[in-house]
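Structural overview
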Amino acid sequence: MTELVKRNHWVIRLTHWVNVVAIVIMAGSGMRIFNAHPAFARPGESFSLNPWEGHAIPAWLTFGGWLGGARHWHFAAMWLLVANGFVYLAFLFLHGEWRDVVPRTGDARDAIEMIKFYLFVRKNHPVGGKHNALQKMAYFAMPLLGIVIVLSGLAIWKPITFGFMTAMFVNYKWARFVHFAGMVLLLALALVHVFMVFAVDPYSLRSIVTGWYNRERSPEARNARPFYHLLGPSVPAAPDTEGPPS
Amino acid sequence: MSIDRRRFLSVSAASISGALLTACNANPERAAKLLDLVERKNEGLERGLFRHASMDDVPGSARVAGTDFPKYFISDAVPVWDASARGVWRLEVSGAVRTPLSLTLNDLVRLPRITQKVDHFCVEGWNARAEWSGVRVSDLARLAGATSDAQYVDFAGFDKDYHESWDMASAMHAQTLVAYGMDGRLLTPGHGAPARVHSPVKLGYKNTKYLTRIVFMPQRNGGYWSDLGYEWFGGT
Ligand code: HEM
Ligand code: HEM
């Protein structure tokens, strides 16, 4: 059975993949910049929020080769990231797709149901919209984090010219920490996101490439948990059928 | 159905690797040209956004780095002015000026003094505070009578051939000093004695230490770290 539906508009598909390239360059070059002085404390002071103060990030995770090169990449790719993010957000807003990612009341409860389902406390996949409640929260948090990273980035790029922005983050040192911590959180979300795509809904890869999605293969239809029912439905799709677990 | 599935998996695998290859494996020369172009555009924007009214206001109560303030120079040992070999230290102000100046440390100290607690922003990412005392570069420009040809300024010193050239606007910023004092004392050799450039509006490497020459120019002439590939503008 194939029940093909158009799931992702080409603007979403294009901006998604441009964003992956931009994030890889920004995070890689950012970590190379960080390694030039991998500590947040001012000389002679200490900084307790970073337990790895003074420890560099493994070089193979970084991009740009040397400090100057990484800075050139960072200050070039930031335009790609910002322009692309702007197109994505403007499209979501104008085209109504923001409804797929902005959490609404009830999503907290649905998210708990999803967690129960993944933990085998609940037997059947909760039925929701395009994304389940956990996905929605992740997809909503990502652009928010992106905005925080861009604003704190401007605050450390131009701490005098954009002094008011630096002051928004207290001062240069804190803006720098927020910028770094924002990246760590964003990368963590992205890693979980990619893991879940492959472990729960690899069929959605098609929808973020060609746009088409086979409803018969949705996690709801397959009753899919991470690595469970990857291949196909084993229970009827009806929501209240209490099928045997796994 | 399985053909379908295989096709979309291979299409997505191809596009993911395609995207990553464009990012990592881009022809280095073409990438370098693009990065150069963006650096020039960024510089135009940064110069356009520059405001003399944008000042660094470090709270008066802020802690200074003191002896923890990093020292750096490019010579093998701390550069020290050798008066017996080179004569008394002087700061030469020349180029596009009506009256070139040649100032001893005593001359500098007698000029209007500014004392300010400001940030020092290093390209590596750290920042440190100190209280600097010195003469505004803009006062020296006025004293020497810089002409309309003075669009750029080169700051050169006796730490090998270290120098960095600046845009005129940043050099004329009220917080750009020729500093001879730090935290209430005369500069020590580690921090650029007898005098150095210090300003919060440029990254550390633009702030030439062991200063001997200020040359006003119609054109820029690069700099030590700028010629090695760091941004020439290096503004904050
Ligand atoms: C408009 C966007 C951005 C701007 C203007 C910007 C600006 C900057 C600047 C000026 C620095 C150097 C700070 C320093 O010298 O230490 C920096 C460092 C860094 N950036 Fe960005 N950035 C932007 C976006 C991003 C993004 C999207 C990421 C990652 C997802 C990122 C990750 C980093 C990291 C990890 C560092 C090193 C932190 C540090 O050592 O301070 N940046 N960024
Ligand atoms: C190789 C890495 C990645 C893969 C394979 C991947 C895959 C996917 C897939 C298959 C979807 C569609 C989900 C669906 O339609 O249900 C999707 C959506 C999404 N992805 Fe990714 N992704 C990757 C990296 C990233 C990164 C790095 C970010 C952000 C930092 C990100 C953010 C998003 C967002 C926000 C959506 C939701 C789009 C929307 O509905 O408007 N992804 N991704």
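In short, a report on the structure. (Residues numbered from 1 in each chain as written. Chains lettered and ligands numbered in written order. Predicted model: local features only at pLDDT ≥ 70, side-chain atom pairs only at ≥ 80, totals over all residues. Heavy atoms only, no water.)

Summing up its helical and strand segments, chain A has eight helices and two strands in all. When its helices and strands are written in sequence order, chain A yields β-α-α-α-α-α-α-α-β-α. If you line up chain A on its principal axes, its C-alpha atoms span 65 × 35 × 35 Å. A burial count over chain A gives 48% of its 246 residues as buried. Taking the intrachain contacts of chain A between residues at least 6 apart in sequence as the baseline, contacts between residues at least 24 apart amount to 66%. Counting every atom, chain A has about 12,400 Å² of accessible surface; 71% of that belongs to carbon and sulfur. Of note, chain A has its 22 positive side-chain charges centred 8 Å away from the centre of its 13 negative side-chain charges. (Helix = DSSP H or I, 4+ residues; strand = E, 2+ residues; numbered from the N terminus. Buried < 20%, exposed > 50% of the residue type's maximum accessible area, 1.4 Å probe, protein only. Contact = heavy atoms within 4.5 Å. Areas by Shrake-Rupley, 256 points an atom, 1.4 Å probe, with all protein chains shown as cover. Lys, Arg positive; Asp, Glu negative; His and termini not counted. Charge placed at Lys NZ, Arg CZ, Asp CG, Glu CD.)

This part is about the site of ligand 1. All names here are of chain A. In the region of ligand 1, 24 residues are neighbours, and Gly30, Phe34, His74, Arg176 and His179 sit closest. In this structure, a nitrogen atom belonging to ligand 1 sits 2.8 Å away from a side-chain N or O atom of histidine 74. A distance of 2.7 Å separates a nitrogen atom of ligand 1 from a polar side-chain atom of histidine 179. Its residues assigned to classes, the shell around ligand 1 shows 18 nonpolar, five polar and one charged. (Near = heavy atom within 4 Å. Polar contact = N/O pair within 3.5 Å; in protein donor to acceptor, adjacent residues only side chain to side chain. Nonpolar A, V, L, I, M, F, W, Y, C, P; charged D, E, K, R; others polar.)

On to the coordination of the iron atom of ligand 1, then. Residue and element names in this part refer to chain A. Of the protein atoms, only His74 (NE2) and His179 (NE2) coordinate the iron atom of ligand 1, at distances of 2.0 Å. Bound by six donor atoms, the iron atom of ligand 1 shows angles of 87 to 179 degrees at the metal and therefore octahedral coordination geometry. Note that histidine 74 is positioned in helix H2 (residues 67-95) and histidine 179 in helix H6 (residues 172-199), a separation of 105 residues in sequence. In this structure histidine 74 comes out as buried when scored by relative accessible area, which is 11%. (Donors = N, O, S within 2.8 Å, 3.2 Å for Na, K, Ca; no water. Tetrahedral: all angles 85-135°; square planar, octahedral: opposite > 155°, others 65-115°.)

Take the sheet that holds strand S6 (residues 163-167) of chain B next. Residues and elements named next belong to chain B. The strand order across the open sheet formed by five strands is S2-S1-S10-S5-S6, and the pairing between neighbours is mixed. Looking at which strands have only one partner, the edges of the open sheet turn out to be strand S2 (101-103) and S6. Averaged over all pairs of adjacent strands, the angle between their axes in this sheet comes to 15 degrees, without regard to strand direction. In terms of strand pairing, strand S5 (residues 152-157) meets strand S10 (residues 211-217) through six bridges, oriented antiparallel. Considered in S10, the bridge of aspartate 154 is made with valine 215. Packing against the sheet, helix H5 (residues 137-144) makes contact with strand S1 (91-95), S2, S5 and S10, and its axis sits at approximately 130 degrees to S2. (Pairing = 2+ DSSP bridges. Axes fitted to C-alpha atoms, helices over the stretch in contact; angles between N-to-C directions.)

Distances and angles like these do not, on their own, reveal function.
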